[in-house]
Amino acid sequence: MKLFTYYQYEKVRKGERELKIGIDKIGFYTPQYYVDMNKLAVARNVEPEKFTIGIGQDEMAVAPITQDPVTLAANAALQILDDEAREKIDFVMFGTESGIDHSKSAGVYVHQLLGLKPNARTIELKQACYGATAAIQLAKGHIALNPESKVLVLASDIARYGINTPGEVTQGAGAVALIISADPRIMVLDDASAYLTKDIMDFWRPTYSDVAFVDGKYSNEQYLEFFGHVWDEYKEKTGLTIADFEAICYHLPYTKMGLKALRTILDEGSVDVQERLKENYQISTLYSRKVGNIYTASLYLSLLSLLEQKELEAGSRIGLFSYGSGAVGEFFSGILQPNYRDFLKIDHHTNLFNNRTELSVSKYEEIFEESLPTDGSSVDLDTTNDPAPICLTGIKEHMRQYTNKNK
Ligand code: HMG
């Protein structure tokens with residue numbers, strides 16, 4: 001086996017074989033609770049259509065205190081790990097903006113909880129919702145140098161703006177886990193990419209605050225401006241046009257946001273292209289409509305929704321727009337692989353959604369206000385009502401305690 005890998009690697013090195021790198025597997029997890037946006041609208045004295053049409057959200061996932069960014073990520077990754085992946089993953093990258101420690105990477109906890117091999121690098125990356133995209137690009141570089149390796153990219157967040165704030169309707173909780181490898185079975189990622197960084201204050205969360213600060217209207221404008229910039233640059237770099245895309249997936253802080261961006265470029269395409277992109281956009285938003293904003297994972301939840309809810313032809317090109325406030329934006333694309341749907345966990349995700357429990361608005365508010373001690377005291381949490389295999393069980397001597405019920 002090793003010899004075969006070496007032989008393949010030699011061919012790549014000599015340029016005799018093109019190395020294809022991309023997404024080999026996708027896992028997703030969202031906690032068991034959600035709030036109905038119609039009911040939240042009534043409680044906030046707002047017309048429900050503002051939330052369901054104007055913002056484009058139907059439900060919002062709510063994390064119980066026994067789920068944090070570490071457990072959400074670990075639960076998302078659990079379903080895509082087989083013996084081969086465990087053996088080959090030698091790099092774990094955790095993109096999050098809900099970090100639990102200023103020093104230790106959230107990825108190290110996940111590495112342990114999943115029982116990955118010790119011979120691995122593990123780090124955490126931060127740039128608002130862009131963190132996981134940065135991880136994917138770094139993973140490509142790692143695989144290019146080590147074609148036999150696999151990289152586990154984790155994107156996990158709990159979006160919190162606060163009760164009765166304009167951002168409340170755009171909260172959410174969940175994680176996506178991706179295995180990036182050579183000869184990927186779901187999507188080959190192209191080398192070309194267009195990116196942009198600008199120091200702006202559209203959304204940020206100082207280290208002393210557990211809710212985000214946001215200039216809502218400005219953040220919407222900047223999202224669109226970044227999209228326009230990287231879209232134009234990507235076309236210039238690649239010579240591709242809008243007609244080359246079967247679909248474009250967007251970072252979805254709320255589902256109307258991506259639609260606003262898509263609309264800015266639709267007139268570049270024929271009526272057929274416009275219809276195709278609009279239809280596939282709606283399909284890419286189905287999961288986000290039920291989950292809300294999950295920051296680093298939102299773009300990849302949009303991709304997952306598209307791939308799981310529609311059978312697309314192998315060879316189709318999917319565009320991906322990543323935006324992380326503050327701000328960094330990137331546009332890149334990938335090509336769907338033959339039989340890619342065989343490698344998705346569609347039934348698992350259908351069950352995940354079907355088994356969720358609706359919370360009343362008052363119960364959601366109660367859970368939202370629950371918090372872990374910040375004064376150094378210890379706490380034991382009851383995980384009996386949490387169906388997730390991996391849970392937070394408490395804090396002891398400043399150390400978070402986790403359990404994997406499957407072990
Ligand atoms: P708002 O001021 O409450 O809402 O805040 P609005 O008054 O702008 O209304 C929203 C939409 O609903 C409007 O449509 C209204 O017309 C419509 P639009 O003009 O935008 O197309 N509307 C209705 N539609 C149907 N029936 C009705 C009705 N009433 C009104 N009856 C805002 C909205 C998004 C600003 C707020 O929720 C917020 O601040 N959210 C957080 C920030 C955010 O999500 N920004 C997005 C871009 S930044 C980003 O994506 C990065 C981020 O993910 C963070 C990161 O990178 O880490 C946030």
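Structure: see above.
Residues numbered from 1 in each chain as written. Predicted model: local features only at pLDDT ≥ 70, side-chain atom pairs only at ≥ 80, totals over all residues. Heavy atoms only, no water.

## Concerning the overall build of the protein chain
Right, on to step 1. For the protein chain, the count of helices and strands is 14 helices and 17 strands.
Right, on to step 2. The C-alpha radius of gyration of the protein chain comes to 21 Å, within 12% of the 22 Å expected for a compact globule of 407 residues.
Right, on to step 3. Taking the principal axes of the C-alpha coordinates as reference, the protein chain spans close to 60 × 50 × 40 Å.
Right, on to step 4. Across the 407 residues that make up the protein chain, the buried fraction comes to 57%.
Right, on to step 5. Look at the contacts in the protein chain between residues 6 or more apart in sequence, and 75% of them connect residues 24 or more apart.
Right, on to step 6. When the accessible surface of the protein chain is summed, it comes to about 17600 Å², and 48% of that surface belongs to carbon and sulfur atoms. (Helix = DSSP H or I, 4+ residues; strand = E, 2+ residues; numbered from the N terminus. Rg over C-alpha atoms; globule rule 2.2 N^0.38 Å. Buried < 20%, exposed > 50% of the residue type's maximum accessible area, 1.4 Å probe, protein only. Contact = heavy atoms within 4.5 Å. Areas by Shrake-Rupley, 256 points an atom, 1.4 Å probe, with all protein chains shown as cover.)

## Focus on the site of the ligand
Right, on to step 1. In the neighbourhood of the ligand, 30 residues make up the surrounding shell, with E97, C129, P166, K217 and K260 lying closest.
Right, on to step 2. Measuring from an oxygen atom of the ligand, one finds a side-chain N or O atom of K260 at 2.4 Å.
Right, on to step 3. Considering the ligand on its own, with 1100 Å² of exposed area, one finds that the protein chains cover 75% of that surface.
Right, on to step 4. For the shell around the ligand, the elements supplying multiple residues, two or more each, are α3 (48-55), α8 (216-238), α9 (255-263) and β12 (317-324).
Right, on to step 5. Looking at the shell around the ligand residue by residue, the classes come out as 13 nonpolar, 10 polar and seven charged. (Near = heavy atom within 4 Å. Polar contact = N/O pair within 3.5 Å; in protein donor to acceptor, adjacent residues only side chain to side chain. Nonpolar A, V, L, I, M, F, W, Y, C, P; charged D, E, K, R; others polar.)

## So, a nonpolar patch on the surface
Right, on to step 1. A surface patch of nonpolar side chains, about 470 Å² in accessible area, is lined by M201, W204, Y208 and F213.
Right, on to step 2. Position of F213 among the secondary structure elements: in strand β10 (residues 213-214). (Patch = residues over 30% accessible without salt bridge, like charges linked within 9 Å, V, L, I, M, F, W, Y side chains within 5 Å. Salt bridge = Lys/Arg side-chain N within 4 Å of Asp/Glu carboxyl O.)

## Digging into unusual backbone geometry
Right, on to step 1. Looking along the chain, the bond that leaves G326 and enters A327 is cis, with omega of 5°.
Right, on to step 2. If you check the backbone angles, A128 has positive phi at about 45° while not being a glycine.
Right, on to step 3. Following the sequence through the fold, A128 ends up in the loop between β5 (121-125) and α7 (131-145).
Right, on to step 4. Residue class for A128 comes out buried when judged on its relative accessible area of 11%.

## Re the pattern of salt bridges
Right, on to step 1. Counting across every chain of the model gives 22 salt bridges.
Right, on to step 2. Between R185 and D24 there is a salt bridge, with its nearest N and O atoms 2.9 Å apart. On the criterion of sequence distance, the pair formed by R185 in the loop between β7 (172-182) and β8 (187-197) and D24 in strand β1 (residues 21-29) is long-range, its members being 161 residues apart.
Right, on to step 3. Its relative accessible area of 3% is what places D24 among the buried residues.
Right, on to step 4. The residue K88 makes a salt bridge to E84 at a minimum N-O spacing of 3.7 Å. With a gap of four residues between them, K88 and E84 both fall in helix α5 (residues 83-88), about one helical turn apart.
Right, on to step 5. The structure contains a network of salt bridges with shared partners spanning D24, E84, K88, K150 and R185.

## A few points about the packing of α9 against helix α10 (residues 271-284)
Right, on to step 1. Where α9 contacts α10, the axes come no closer than 11 Å and their chain directions differ by 165°. Accordingly, the angle class assigned to the pair α9 and α10 is roughly antiparallel. As α9 runs across α10, the sense of the crossing is right-handed. Between α9 and α10, the residues in contact are T255, G258, L259 and L262 and L277, K278, Y281 and Q282, respectively.
Right, on to step 2. By residue class, the composition of the contact of α9 with α10 is four nonpolar, three polar and one charged. (Axes fitted to C-alpha atoms, helices over the stretch in contact; angles between N-to-C directions. Parallel < 35°, antiparallel > 145°, perpendicular 65-115°, else oblique. Left-handed = near helix turned anticlockwise from the far one by under 90°.)

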